[in-house]
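# Breakdown of the fold
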Amino acid sequence: GESVGLHLPTLSVQEGDNSIINCAYSNSASDYFIWYKQESGKGPQFIIDIRSNMDKRQGQRVTVLLNKTVKHLSLQIAATQPGDSAVYFCAENIRGATNKLIFGTGTLLAVQP
Amino acid sequence: GAVVSQHPSRVICKSGTSVKIECRSLDFQATTMFWYRQFPKQSLMLMATSNEGSKATYEQGVEKDKFLINHASLTLSTLTVTSAHPEDSSFYICSAGTGATTDTQYFGPGTRLTVL
């Protein structure tokens, strides 16, 4: 029978196009943000991070933008490749003794060849 | 880079039994490790923070007597699911912090628990 459950937001892009994945965070006191990539059946893999004193940070083929005014984070992937297909999570760090991470709901990126 | 391993990667057990999952930091010392669970097509939910040499801190709604955490050394934390039931079936993931100037957590590959 058909399974019932949550469906992740999905972003479908063509190979070679740029991808933009968005995330809204909840805590205005968060001062550190991370993007993780999770492939099926695996643990999250660190992609890029940004601190709240910055609004943009670039890595290899990836850029993270932070808008603290509206509590919004985005991940831009240039020249998307089939290997980029995965679920992407943003996470916010609640500053404190334990540095807990709070994860967003995730976005499934599907790259069409 | 920082590598975190988990063992086992998959486990199937009968209802009522206990299962232990190990999380190891292979090339760094982790004073703090975190345990998450993840249901299909959902996000990671923090269960507890494991501190080396002290009691774990559990998130609201997580039963500490059911999910026993031990962090006996700077490279090993264990999660024991006691008296497992089918609803405990999930993907359990640990992470560890390097304690360096960044707050990056590095994640293990996860353990798929299936309770029959």
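Residues numbered from 1 in each chain as written. Chains lettered and ligands numbered in written order. Predicted model: local features only at pLDDT ≥ 70, side-chain atom pairs only at ≥ 80, totals over all residues. Heavy atoms only, no water.

## Structural notes on the sheet that holds strand E7 (residues 67-73) of chain B
Residue and element names in this part refer to chain B. The antiparallel open sheet is built from 4 strands, whose spatial order is E1-E3-E8-E7. Sheet topology places strand E1 (4-7) and E7 at the edges, where each strand pairs with a single neighbour. Adjacent strand axes in the sheet meet at a mean angle of 15°, parallel and antiparallel pairs treated alike. In this sheet, strand E8 (residues 76-81) lies alongside strand E3 (residues 19-25) in antiparallel orientation, the contact comprising 6 bridges. Within the sheet, the bridge partner assigned to Arg 24 lies in E8 and is Leu 76. (Pairing = 2+ DSSP bridges. Helix = DSSP H or I, 4+ residues; strand = E, 2+ residues; numbered from the N terminus. Axes fitted to C-alpha atoms, helices over the stretch in contact; angles between N-to-C directions.)

## Quick notes on the pairing of E7 of chain B
Within a regular strand, the side chains alternate between the two sheet faces. Residues and elements named next belong to chain B. Where E7 and E8 come together, 5 bridges link them in antiparallel fashion. Bridged to Leu 68 within E8 is Thr 80. The turn joining E7 and E8, which pair antiparallel and follow one another in sequence, is formed by 2 residues.

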